[in-house]
Amino acid sequence: MNPTAPPALLVLEDGTTFRGTAYGAEGEAFGEVVFNTGMTGYQETLTDPSYRRQIVAMTAPHIGNTGINDEDDESRRIWVSGFVIRNPSPVVSSWRAARSLDDELRAAGVTAIAISGTRALTLHLRERGAMRAAISSTGAEPETVAARVQASPPMIGADLAREVTTPEPYVVTPPPGVPVRFRVAAVDLGIKAATPAALATRGCEVHVLPATSTAGQILALNPDGVFFSNGPGDPAACDYAVDAMRGVLAAGMPMFGICLGSQVLGRALGLGTYKLRFGHRGINQPVKDLRTGKVQITSHNHGFAVAMPDASAIRFDTEFGAAEVTHVNLNDGVVEGLRLLSTPALAVQYHPEAGPGPHDAVGLFDAFCDQMERAR
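Note that the structure is predicted; figures quoted are calculated from it, not measured.

Peer 1: Residues and numbers for the sheet that holds strand 4 (residues 54-58), please.
Peer 2: Pairing is mixed around the closed barrel formed by seven strands, whose spatial order is 1-2-8-6-4-3-9. Across the sheet, the mean angle from the axis of one strand to that of its neighbour is 35°, orientation sign disregarded. The strands touched by helix 2 (residues 101-108) within the sheet are strand 2 (17-24), strand 6 (82-85) and strand 8 (111-114), with strand 2 carrying the most contacts at an inclination of about 90°.

Take a look at the structure:
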């Protein structure tokens, strides 16, 4: 921590207060405080729309050493409400860096704090669960900040995909030399730039659509397949996406979803969703493929999950035919993958595009392309 920086507070919903020094923009930031266990990738984390209205605490102790570059952003802006780190790097040592993390946060108006107790904070959130919080560098008393935290909106019931989605459709084309093989309609619930890029490198012309696009609007593109992206908020608040998903499934269109897209598929198949105690956020989550027994280390960012259909069976019936749970998290048994057996539709809770990594699951994009090829 910088001893010359002004003091700052991190105040949790339950009254727990951490004192530290200000970093980034001065002011106050409110949101659900969560922790990310990735050792790298803070730039991708900051610009991931799935972190809308969240204060992210990094468990890795040294943050900022590689600065910020102009290539690794996952979206058009920083989405986190606030940022918590232990030791902000005093120097930027990467040849790719265009500016420092501190400068980037200041320019974006994002309030951050450096505290010595990030481990204590992580343990507290693991025991008590993710909760509302605030970072304040205004000099306000903890009790005053705590009252404002209590008045801030909760994550349950929050419809945030509408807030982060693209306002207008756009197209991502394959790179030079890669022929167009498929047209994909991608519903942007909070999409990361790495996702359409991964599809484009496989010959997909990706038409990215706003979150509230209807099934009629999606199918009007005459796509070879439909993709539902990751995104923030409570899946129980995304009825519009569920309706669109149901229309796509009814048309028998090849469909692939990740993260929030997986939860939307679960709801479309009649399953419930629920809020996890502290969520999965990081790049080291072990996921088991129940069909093959293979374990992959995967990238995650979600605080909600699909409810298991039945404690004694992974297969279940839906109005679209039989379905099954394909993947589970080995840490806590959370549903990590779903698919329909008679319709080319699959989804996973984790991120196969995985910027910055790992890349164990990148083959899922190839599986989606294989689905589209077979459907022709």
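Peer 1: Outline the pattern of salt bridges, supporting the account with residue identities and numerical values.
Peer 2: Per the counting criterion, the structure on display carries 21 salt bridges. We note a salt bridge from Arg162 to Asp159, for which the minimum N-O separation is 2.6 Å. The class of Arg162 is partly exposed, set by a relative accessible area of 48%. Its salt-bridge partner being Glu324, residue Arg339 comes within 2.7 Å of it at the nearest N-O pair. With Arg339 in strand 19 (residues 335-340) and Glu324 in strand 18 (residues 321-329), the pair connects residues that are 15 residues apart, well separated along the chain.

Peer 1: So what's going on with the environment of Thr37? Residues and values would help.
Peer 2: Mapped onto the elements, Thr37 comes out in the loop between strand 3 (28-36) and helix 1 (42-46). Since its relative accessible area comes to 22%, Thr37 is described here as partly exposed. Taking the C-alpha atoms as reference points, Thr37 and His280, separated by 243 residues in sequence, lie 8.9 Å from one another. Sequence-distant contacts of Thr37, defined by excluding residues within four places in its chain, comprise Thr59, Arg281, Gly282, Ile283 and Asn284.

Peer 1: Which residues make up the pairing of strand 20 (residues 345-348), and what values do they have?
Peer 2: In summary, the side chains of a regular strand alternate between the two faces of the sheet. Across the two faces of strand 20 the burial is the same, with Ala345 and Ala347 and Leu346 and Val348 all buried. One ladder, built from four bridges, connects strand 14 (residues 255-258) with strand 20; its direction is parallel. The residue of strand 20 that forms the bridge with Gly257 is Ala347. Relative to strand 20, strand 19 runs antiparallel, the two being bridged by three bridges. Looking at strand 20, one finds that Gly337 is bridged to Val348. Once strand 19 ends, the chain turns through four residues before running back antiparallel as strand 20.

Peer 1: Now, about the packing of aromatic side chains: what can you tell me, with residues and values included?
Peer 2: Under the counting rule described, the total for this entry stands at four aromatic pairs. Seen in terms of ring centroids, Phe256 and Phe368 are 5.6 Å apart; in terms of plane orientation they differ by 40°. Their pairing is tilted. Here the residue Phe256 occupies a position in strand 14, and Phe368 occupies one in helix 10 (residues 363-375), the gap between them amounting to 112 residues. Classification of Phe368 by relative accessible area gives buried; the value is 0%. An aromatic cluster is present here, built from Phe227, Phe256, Phe365 and Phe368 joined pairwise through their rings. The lysine or arginine in question, Arg77, covers the ring of Trp79, its NZ or CZ lying 4.0 Å from the ring centre.

Peer 1: Could you give an account of unusual backbone geometry, with specific residues and numbers?
Peer 2: Of note, Asn222 is a non-glycine position whose phi angle comes to about 50°, a positive value. Structurally, Asn222 is set in the loop between helix 7 (215-219) and strand 13 (225-228). We classify Asn222 as exposed; its relative accessible area is 61%. Positive phi is not limited to glycine here, since Cys259 has a value of about 55°. Along the chain, Cys259 falls in the loop between strand 14 and helix 9 (260-268).

Peer 1: Could you give an account of the environment of Val184, with specific residues and numbers?
Peer 2: As for its position among the elements, Val184 is in strand 11 (residues 182-187). For Val184, a relative accessible area of 0% gives the class buried. Sequence-wise, Val184 and Pro254 are 70 residues apart; in three dimensions their C-alpha atoms are separated by 9.6 Å. Contacts of Val184, omitting those with residues within four sequence positions, involve Leu199, Cys204, Glu205, Val206, His207, Gly225, Phe227, Phe368 and Met372.

Peer 1: Can you lay out the packing of helix 8 (residues 239-250) against helix 9 for me, pointing to particular residues and giving the numbers?
Peer 2: Look at helix 8 against helix 9: their axes get within 9 Å of each other, and the N-to-C directions meet at 70°. Overall, the two elements helix 8 and helix 9 adopt an arrangement that is roughly perpendicular. Across from Asp239, Ala241, Val242, Met245, Arg246 and Leu249 in helix 8, the residues of helix 9 making contact are Gly261, Val264, Leu265, Arg267 and Ala268. Per-class residue counts for the contact of helix 8 with helix 9 are seven nonpolar, one polar and three charged.

Peer 1: Please set out helix 2 residue by residue, giving values where relevant.
Peer 2: Two residues of an α-helix separated by three or four positions point the same way, owing to the 3.6 residues in each turn. What helix 2 keeps buried is the set Leu101, Asp102, Glu104 and Leu105. The buried side chains of helix 2 occupy one side of the element, clustering within an arc of 165° when seen end-on. On its buried face, helix 2 is in contact with strand 2, helix 1, strand 5 (62-63), strand 6 and strand 8. Within two residues after helix 2, Gly109 carries a phi angle of roughly 70°, on the positive side.

About the thresholds
- Residues numbered from 1 in each chain as written.
- Predicted model: local features only at pLDDT ≥ 70, side-chain atom pairs only at ≥ 80, totals over all residues.
- Heavy atoms only, no water.
- Pairing = 2+ DSSP bridges.
- Helix = DSSP H or I, 4+ residues; strand = E, 2+ residues; numbered from the N terminus.
- Axes fitted to C-alpha atoms, helices over the stretch in contact; angles between N-to-C directions.
- Contact = heavy atoms within 4.5 Å.
- Salt bridge = Lys/Arg side-chain N within 4 Å of Asp/Glu carboxyl O.
- Buried < 20%, exposed > 50% of the residue type's maximum accessible area, 1.4 Å probe, protein only.
- Phe/Tyr/Trp six-rings, centres within 6.5 Å; stacked < 30°, edge-to-face > 60°.
- Lys NZ or Arg CZ within 6 Å of the ring centre and 35° of its normal.
- Parallel < 35°, antiparallel > 145°, perpendicular 65-115°, else oblique.
- Nonpolar A, V, L, I, M, F, W, Y, C, P; charged D, E, K, R; others polar.
- Arc of directions from axis to C-beta.

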